[in-house]
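Listed below, chain by chain, are the residues.
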Amino acid sequence: MKILVTAPVIAAGVLAALCGVAAHAETDGDLTAMSLADLAKVEVTSVSKTNEALQRAPAAIYVISHDDIVRSGVTSIPEALRLAPNLLVTQTSSSAYVIAARGLGGNPTAQNFSNKLLILIDGRSVYTPLYSGIYADTLDVMLEDVERIEVISGVGATLWGANAMNGVINIITRSAYLTKGTYIDGGAGNQQQFGDARYGASAGADAAFRVYGLGFHRDAMQLAGGTGAGDGWSKGQGGFRSDWGLDEDTLTVQGDYYRATESTLNGLDGTVLGGNLVGRYEHHGAQSDLQVQAYIDQSEQIGPGGTGGFIVHTYDITVQDTITLGARNRIVWGAGERLYTYGITNETELLFEPTRHALTLGNVFVQDTVSLTSAVNVTLGLKAEDDPFSGWTPLPDLRLSWAINDHVATWAAASRAIRSPTPFDTDVVEKLGPTVFLQANSGFRPEEVHAYELGTRAQSSESVSLSVAAFYNVYDDLRTIEPNATTGFLPLYWGNMMRGDTFGIDAWANWQLTDWWRLSPGATWVRERLGFAPGASGLLGVGQAGDDPSSHAALVSSMNLPHRVTLDATLRYVGALPGPVLPHYTELDARVGWRMNQKTEFSLRGANLLHARHYELPAGDGEQITRSVIAEVRLTL
């Protein structure tokens, strides 16, 4: 059973030569042809659950656009998330990634996993209730159909609930009205092969639909010494979306089904499979926008050779209403109920007791945004969430935003969030042979954060824009491992004996050097100051909360060259990990694309070009990630 979230370098001379000929570059209406002023007006929904311009959104939010994804050449959601400078995405194997924001990304050596980040796909939460983390191998969507990905670093619990402690990622797909026709995409390289197909059409005057299918195979990574890790995997997925719309009412129904096999060193395959069905109704009135959404989800994993595994069923319904009271007051309120049922097939050394359970999670929330003046807004929100392990919990949020002028906005925020206890905290039993090594704690308390943020977003000129956010987070009741008071040591148990603070800066910019070349630098710096509460054992040290780098950065270059050629590159830097120790590393991804005509595009992409192989987590926790190249053709018919 997994309890884990879990070609040569482009020479500078060649790049310079390309720059020299690009003065006559042709633009194609993509991101690099969009002015920075237009980018600031892009509407986002994840900050307030209503549409608002990115420039005025009072949070550290980065938007990964559809064109960003296409031009980068990435082939998975985790790889697409690397495009957000306020996220740290760490690949640990062929199919597993760790996704974190602002530190405390977990430490697999201490069985502490990344569990303080919430990911949604079209409003459907995809974190697992078993340990509050993300199974990255279940995140696939048709990338061509992604409209944008909104990435918030910082607390989002008041609107989105528990576990949105350090960030929220909202993956938003395109309406079926925008995906009519036939689309075919295929690629092959030294590490993976894939193919996608989608067909969309109108269904009467007011409706549209699409169906899609995708499949891929990704080869195994490498272990120390260059031996194969034996973890290649293959996946197939299909789904549909239908949209009906009138002047005031819209209805969306969409669903997906997937099945994958993941190999292991012993030659036995594990299986990952699941599906979901989402229905969403919206009514747009003069003063009220009502939304009702319901979904069901099934996720199942079967260990190698059928040993160990789990199945989780999720049933969720949410009602939300946005009420506009005059020109200066907007209220968003709602309520939701979620039911998880799960069953676990225990392994010999990792057991859940009980093996079956039903968990309910209810919530009510209200958020009021008041315009004190045309430039100053105050937002006060509160969610009350009824967690099955800890009962009702208040999750407040206060935000003040000031649009200094049309090009500069600043905000300040104070919030509270928790990570709810999970069965991994309260029910798990670990054995070494017949000896019980760890016994979970039925009295485990929620982990808690009080978060404070100050940020600004500015367009200093027609060619330069900047976003900077400083944060200070105070944590309490973080999970620790403690010895048994009766026996003096074994069995160990989970405690809540760590506390401390983190502080740092998220920053990114866009620099339009010319009409054909844009540079987008970004960086995050985090300092963690953690300690133990009185009476704690201090076993494993404070590093058990996260083996996090103090900094990570990226530089994205996007060029439109002559003859419909595009050249995009991303240089990534990740600082050293403190324990287990891993030196800092720098990597380069690059893609060159040629749009032969409006229907056909060819591209060649290289990933991890600076090293034949490298670790992103130390050996034992991670595998050596291999350099790869892939050729791709995209057809729009």
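Let me begin by describing the structure that accompanies this report. As the structure is a computational prediction, the values presented were derived from the model and not from experiment. (Residues numbered from 1 in each chain as written. Predicted model: local features only at pLDDT ≥ 70, side-chain atom pairs only at ≥ 80, totals over all residues. Heavy atoms only, no water.)

Next up on the list: the environment of Gly303. Along the chain, the position of Gly303 falls in the loop between strand E16 (288-302) and strand E17 (309-325). Residue class for Gly303 comes out buried when judged on its relative accessible area of 7%. Along the backbone, Gly303 and Thr322 are 19 residues apart, and their C-alpha atoms lie at a distance of 45 Å. (Helix = DSSP H or I, 4+ residues; strand = E, 2+ residues; numbered from the N terminus. Buried < 20%, exposed > 50% of the residue type's maximum accessible area, 1.4 Å probe, protein only.)

Glancing now at the nonpolar core. One finds Ile64, Leu81, Leu87, Ile149 and Ile169 to be the most contacted residues of the largest nonpolar core, which totals 70 residues. In terms of residue count, the dominant contributor to this core is strand E3 (residues 60-65) (five residues). For Leu81, the residues in contact, after removing those within four places along its chain, are Ile64, Leu87, Val89, Ile99, Ile149 and Ile169. Of all hydrophobic cores here, the second largest spans 15 residues; its members include Leu104, Ile418, Ala451 and Tyr475. (Core = buried A, V, L, I, M, F, W, Y, C linked by side-chain atoms within 4.5 Å. Contact = heavy atoms within 4.5 Å.)

Quick look at unusual backbone geometry now. Cis rather than trans, the peptide bond between Glu353 and Pro354 has omega equal to 10°. Residue placement: Pro354 occurs in the loop between strand E19 (350-352) and strand E20 (356-371). The backbone of Asp122 sits at a positive phi, close to 50°, despite the residue not being glycine. Among the secondary structure elements, Asp122 is positioned in the loop between strand E6 (118-121) and strand E7 (124-125). Exposure remark for Asp122: the relative accessible area of 9% places this residue in the buried category. In the Ramachandran plot, His563 falls in the positive-phi region, its phi being about 65° despite a non-glycine side chain. With respect to the helices, strands and loops of the structure, His563 is situated in the loop between strand E30 (551-561) and strand E31 (565-574). By relative accessible area, His563 is classed as exposed at 62%.

Let us now look at the pairing of strand E22 (residues 391-403). Sheet topology note: the strand E21 (residues 376-387)/E22 ladder contains twelve bridges and is antiparallel. Note that in E22 the partner of Gly381 across the bridge is Asp397. Between E21 and E22, which pair antiparallel in sequence order, lie three residues. Bridging between E22 and strand E23 (residues 408-419) involves seven bridges; their strand directions are antiparallel. Residue pairing for E23: Leu400 is matched across the bridge by Ala412. Here E22 folds back onto E23, and the loop between the two strands holds four residues. (Pairing = 2+ DSSP bridges.)

Along the chain, Asp219 turns up in the loop between strand E12 (207-218) and strand E13 (233-245). Apart from the residues within four sequence positions on either side, Asp219 is in contact with Ser94, Asn190, Gln191, Gln193 and Gly232. A polar side-chain atom of Asp219 sits 2.9 Å from a polar atom in the side chain of His217. (Polar contact = N/O pair within 3.5 Å; in protein donor to acceptor, adjacent residues only side chain to side chain.)

With antiparallel pairing, the three strands of this open sheet are ordered in space as E19-E24-E25. Looking at the sheet topology across the chains shown, the edges are occupied by E19 and strand E25 (435-439). Each adjacent strand pair in this sheet contributes to an overall mean axis angle of 30°, direction not counted. (Axes fitted to C-alpha atoms, helices over the stretch in contact; angles between N-to-C directions.)

Now for the pairing of strand E27 (residues 464-482). Two elements, strand E26 (residues 447-459) and E27, share twelve bridges in a ladder whose sense is antiparallel. Within E27, the residue paired with Ala458 across the bridge is Leu466. Taking the residues that link successive antiparallel strands as the turn, the E26-E27 hairpin has four residues. With 16 bridges connecting them, E27 and strand E28 (residues 493-514) associate as antiparallel partners. Directly across from Val468, in E28, lies its bridge partner Ala507.

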